[in-house]
Amino acid sequence: MIAEIGLAALWLAAALAALQLFAGALALKQGEGAEGNEDGHFAQLVRPAAITQALLAALAFVMLLWCFAITDLSVKLVVTNSHSMKPMLYKLTGTWGNHEGSMLLWVAVMALSGGLIAWLERRLPVRTMLATLATQGFVALGFYAFLILSSNPFERLPVPAPEGQGLNPLLQDIGLALHPPTLYIGYVGLSVAFSFALGALLTRQVTPEFARVMRPWVLGAWVFLTLGITAGSYWAYYELGWGGYWFWDPVENASLMPWLAATALLHSTSVLAARDALRTWTIMLGVVAFSMSMLGTFLVRSGVLTSVHAFAVDPERGSFILVLLALYIGGALTIFALRAHSISEGKRFAVSSRESALVFNNVMLSAILGVVLLGTLYPLLTEAFDVRVSVGPPYFNPVSAIFAVPMFLVMAVGPLLRWREDKPARVQIQLIVVSSAILGVLALVAVLGDYSLLATIGLALAVGLAIAAFLPLRGRRLTRVPLATWGMVLAHFGVAISLFGMASESAFTKERLAAMVAGESVSVADWQITLDGVDPIAGPNWTAMEARISASRGSAEPVAVTPQARTFWAPFQATSESALLTRWDGQLYAVLGDSAGVDAEGMQRWQVRVWWKPFVTFIWYGGLLISLGGALAIIGRLSADLKRRKAARRGAERRNEARALAAEMKEELV
């Protein structure tokens, strides 16, 4: 009965999405909302439809969670992705560790976002809001159709299965509890930005007020995308046992591309909100950002990619998503082509200004997006002609750096410039400080060792960016600095910290691979590694061989680390569980491999791989700082908008009181 309730809620939510779309479209066609109210017959239906749809979609997802929690083996999705012996945490995370469940999560978050807009947002002109909610209903309706017709998560089996097949062991990790949901919230936040952009385009209301309304949604999507990518990177780092944090895997790129577009959209929206410029550019980026989300969805779910975290599904589903991609993005670009000329240019600005710096960096972000997009799609295109091509770090790293290096340099300077127009001489002291730091680090690294060019440049830029991030606070009382400014400072500082971690990991990592017997020691960097023994152990749904390793550094006491080689039985799969030893200046990373036979004395040898990765944790600390900066900016912007609305209400009340008083005096004079 639980599955039937969920399916019924899904059907009703789809019907309400259709109502939301058609009621909004008819209201616009009949001119409802032109007077600034929602009194029209169709206009009155749009907000309630969006709110009720959100409740029903949330109910459907809760019902699927319930099915997984109780391991309902009559539901096909539970059977193929769960097992009665799994820990409860992984039963629940198994809900979205598959194609159908993750798409239901996507739709539920999308519906909740639309419901929140309908419930809370009152600042936009009524017609723009109607167009926005109608567009959101249109986007949601396509995904409801995809779920119900092609990917029903509540499909029953004719006969309940005796036991489930389990979840992919690589996904049975705490990282899965955070990584997919945060990414989906980010993706869906970009669908909201897409709806806002089309709503403003359709009604020709691309104004600073529209940008101020859209900005928190773009910021929220960007924060969650950042958190999702950070969590996914760390999950791949410690779970896959390869010793790296980013592999330019096509599915990793599928999440990076929307983040790049969202970063450009975020800065463009800020310019429009603050200075009424970049109107057309903002609308275009709203379309592009959601396009990248849709493209990523297609790549992951079409079966065209092979990846440790891609959903290998049948081509029919990929074709369905391809149709949605063509419908949404093709339609949006067509509307943009027809309406873009009707959007005024907005206010102009000088070459030496903060707006120009933001435009330059948006162009660089777009170029990096193009580099990643080409590198991701090119192997797929060549494979269609029976030519297999591998595109990896030798392409992505240097080609992206061509655009990333000037972007970081301008990023260091941009926040110091004034809006509209400025003179570089005004910030020459700050420029000298940042330039000296960059050149000093370049010289120091070049003298101390023979490191790669990209790593050296990365270290220098990281130090320069870290200093530049705090320069906008110079000469200001810190207690009076707006939260939004603190958010910018923290986010830019987080970029510097992440860049420093990436460059350090690339330049200074040391690795040692050895076949060891119990009692044998090897060294890596300034660490002494001793294998004390290897023992069999058992977990709730796995068995493993666990290495007992003592790691010591200098004269410090040895610390135990215990990497494992696990074997899961539901489903059967072998995995490597790395062991991490974190210190302030880096991480010791150990992996236990296969048996390497016996030595001359008959003792068992084991393959042990150990890395020392200086400052590698700064990569994820930086990601968290970037997200925290974005969260502070959201709070600051919402607080400022609230104060602005209160001031406007007080001003309106004073004007009304003045009019009333004037009317009374006039009556007395008469």
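First, a word on scope: everything that follows refers to the structure included in this document. (Residues numbered from 1 in each chain as written. Predicted model: local features only at pLDDT ≥ 70, side-chain atom pairs only at ≥ 80, totals over all residues. Heavy atoms only, no water.)

1. Overview of the pattern of salt bridges
One pass over the full model with this rule turns up 13 salt bridges. One salt bridge connects Arg-548 with Asp-535, and the closest N-O pair in it is separated by 2.5 Å. In this pair, Arg-548 sits in strand S4 (residues 542–553) while Asp-535 sits in strand S3 (residues 527–538), placing the two residues 13 residues apart along the sequence. (Salt bridge = Lys/Arg side-chain N within 4 Å of Asp/Glu carboxyl O. Helix = DSSP H or I, 4+ residues; strand = E, 2+ residues; numbered from the N terminus.)

2. Looking at empty space enclosed by the protein
Enumeration over the complete set of coordinates arrives at two cavities of 30 Å³ or more. Its volume calculated, the largest cavity comes out at about 60 Å³. Along its surface, the largest cavity is lined by Met-411, Ala-412, Pro-415, Leu-465, Ala-468, Ala-469, Pro-472, Met-488 and His-492. Secondary-structure elements contributing two or more residues to the lining of the largest cavity are helix H13 (393–413), helix H15 (453–470) and helix H16 (483–508). Along the lines of polarity and charge, the residues of the lining of the largest cavity split into eight nonpolar, one polar and no charged. The volume enclosed by the second largest cavity comes to roughly 40 Å³. As for the second largest cavity, its lining consists of Gln-20, Ala-50, Gln-53, Met-110, Ala-111, Gly-114, Gly-115, Gln-136 and Ala-140. Listing elements by their share of the lining of the second largest cavity, those giving two or more residues are helix H2 (43–69), helix H5 (99–120) and helix H6 (126–150). The biggest single contributor to the lining of the second largest cavity is H5, with four residues. Looking at the lining of the second largest cavity, its residues break down into four nonpolar, five polar and no charged. (1 Å grid on protein atoms, 1.4 Å probe; cavity = no way out; pocket = protein on both sides within 12 Å on 5 of 7 lines; lining within 4 Å. Points joined across faces, edges and corners; volume = space filled by probe spheres on them. Nonpolar A, V, L, I, M, F, W, Y, C, P; charged D, E, K, R; others polar.)

3. Some thoughts on the nonpolar core
Membership of the largest hydrophobic core comes to 141 residues, with the highest contact counts inside it found for Phe-143, Tyr-144, Phe-196, Phe-210, Trp-222 and Ile-283. Take this core: its biggest share by element is 13 residues, from helix H7 (residues 179–203). Non-local contacts of Phe-143, meaning those with residues more than four positions away in its chain, are made with Met-103, Trp-106, Val-107, Met-110, Met-294, Leu-324 and Tyr-328. (Core = buried A, V, L, I, M, F, W, Y, C linked by side-chain atoms within 4.5 Å. Buried < 20%, exposed > 50% of the residue type's maximum accessible area, 1.4 Å probe, protein only. Contact = heavy atoms within 4.5 Å.)

4. Examining the packing of H15 against H16
Between H15 and H16, whose axes approach to 8 Å, the crossing angle comes to 160°. With respect to their mutual orientation, H15 and H16 come out roughly antiparallel. Between H15 and H16 lies a crossing of left-handed hand. Of the residues in H16, those in contact with Ala-455, Gly-458, Leu-459, Leu-461, Ala-462, Leu-465, Ala-466, Ala-469 and Phe-470 of H15 are Val-489, His-492, Phe-493, Val-495, Ala-496, Leu-499, Phe-500, Ala-503, Ser-504, Ser-506, Ala-507 and Phe-508. Class assignment for the residues of the contact of H15 with H16 results in 17 nonpolar, four polar and no charged. (Axes fitted to C-alpha atoms, helices over the stretch in contact; angles between N-to-C directions. Parallel < 35°, antiparallel > 145°, perpendicular 65-115°, else oblique. Left-handed = near helix turned anticlockwise from the far one by under 90°.)

5. What about the environment of Asp-386?
With respect to the helices and strands, Asp-386 occurs in the loop between helix H12 (354–383) and H13. The class of Asp-386 is exposed, set by a relative accessible area of 74%.

6. Here's the deal with a nonpolar patch on the surface
There is a patch of nonpolar side chains on the surface, built from Ile-51, Leu-55, Leu-116, Trp-119 and Leu-120 and spanning about 520 Å² of accessible area. Breaking the nonpolar patch down by element, the ones donating at least two residues are H2 and H5. Ranked by residues supplied to the nonpolar patch, first place goes to H5 with three residues. By the element assignment, Ile-51 lies in helix H2. Taking the relative accessible area as the measure of exposure, Ile-51 reaches 30% and is therefore partly exposed. (Patch = residues over 30% accessible without salt bridge, like charges linked within 9 Å, V, L, I, M, F, W, Y side chains within 5 Å. Areas by Shrake-Rupley, 256 points an atom, 1.4 Å probe, with all protein chains shown as cover.)

7. Overview of a positive patch on the surface
A cluster of basic side chains, namely Arg-645, Lys-646, Arg-649, Arg-650 and Arg-654, defines a positive patch on the protein surface. Within the secondary structure, Arg-650 is located in helix H17 (residues 618–669). Residue classification places Arg-650 among the partly exposed positions, given a relative accessible area of 44%. (Lys, Arg positive; Asp, Glu negative; His and termini not counted. Charge placed at Lys NZ, Arg CZ, Asp CG, Glu CD.)

8. Let's talk about helix H9 (residues 250–275)
Between the first and last C-alpha of H9 there are 38 Å, a value that for 26 residues agrees with the 38 Å anticipated at 1.5 Å per step. Counting buried residues in H9 gives 22 out of 26 residues, a clear majority hidden from the surface. Near the N-terminus of H9, the side chain that reaches the backbone nitrogen of Val-251, with its oxygen 2.7 Å away, is that of Asp-249. One or two residues past the end of H9 sits Asp-276, with phi positive at roughly 55°. (Expected span 1.5 Å × (residues − 1). Polar contact = N/O pair within 3.5 Å; in protein donor to acceptor, adjacent residues only side chain to side chain.)

9. Re the packing of aromatic side chains
Inspection of the entire model under this criterion finds 29 aromatic pairs. Between Phe-290 and Tyr-328, the aromatic rings sit 6.4 Å apart at their centres with planes inclined by 40°, giving tilted as the arrangement. Here Tyr-328 lies in helix H11 (residues 315–339) and Phe-290 lies in helix H10 (residues 279–301), a separation of 38 residues in the sequence. Comparing Phe-290 with Tyr-328 shows no difference in burial state: the two are buried. Seen in terms of ring centroids, Phe-500 and Phe-618 are 5.7 Å apart; in terms of plane orientation they differ by 50°. Their pairing is tilted. Placement of Phe-500 in helix H16 and of Phe-618 in helix H17 is noted, with a sequence separation of 118 residues between them. (Phe/Tyr/Trp six-rings, centres within 6.5 Å; stacked < 30°, edge-to-face > 60°.)

10. Here we look at the pairing of S3
As judged from the four bridges shared by strand S2 (residues 521–524) and S3, these two strands associate in the antiparallel manner. Bridged to Val-522 within S3 is Ile-529. Hairpin remark: S2 followed by S3, antiparallel, with two residues in the connecting loop; positive phi at Ala-525, about 55°. Where S3 and S4 come together, 11 bridges link them in antiparallel fashion. In the sheet register, Gln-528 faces S4, and the bridge partner there is Ser-552. Hairpin connection between S3 and S4: a loop of three residues separates the two successive antiparallel strands. (Pairing = 2+ DSSP bridges.)

11. Thoughts on the side chain of Ser-293
Along the chain, Ser-293 falls in helix H10. A residue is classified by how much of its surface remains accessible, and Ser-293, at 0% relative accessible area, is buried. Among all residues touching Ser-293, those that are not within four sequence positions of it are Trp-106, Tyr-187, Leu-190 and Pro-258.

12. Description of the sheet that holds strand S10 (residues 604–614)
What the four strands build is an open sheet, ordered S1-S10-S9-S8; its pairing is antiparallel. Across the chains shown, the open sheet's two edge strands, defined by having one partner strand only, are strand S1 (510–516) and strand S8 (579–583). Pairwise comparison of adjacent strand axes, ignoring direction, gives a mean angle of 20° for this sheet. The sheet contact formed by strand S9 (residues 586–598) and S10 spans nine bridges and is antiparallel. Looking at the pairing, Gln-587 lines up with Lys-613 of S10. Packing against the sheet, helix H8 (residues 208–239) makes contact with S8, S9 and S10, and its axis sits at approximately 35° to S9. Where H16 meets the sheet, it contacts S1 and S10, and its direction lies at approximately 130° from that of S10.

13. Quick look at H8
The terminal C-alpha atoms of H8, which comprises 32 residues, lie 45 Å apart, in line with the 46 Å expected from a rise of 1.5 Å per residue. Of all 32 residues that make up H8, 27 are buried, and the element is covered over most of its length. Phi for Gly-241, located one or two positions after H8, is positive at around 70°.

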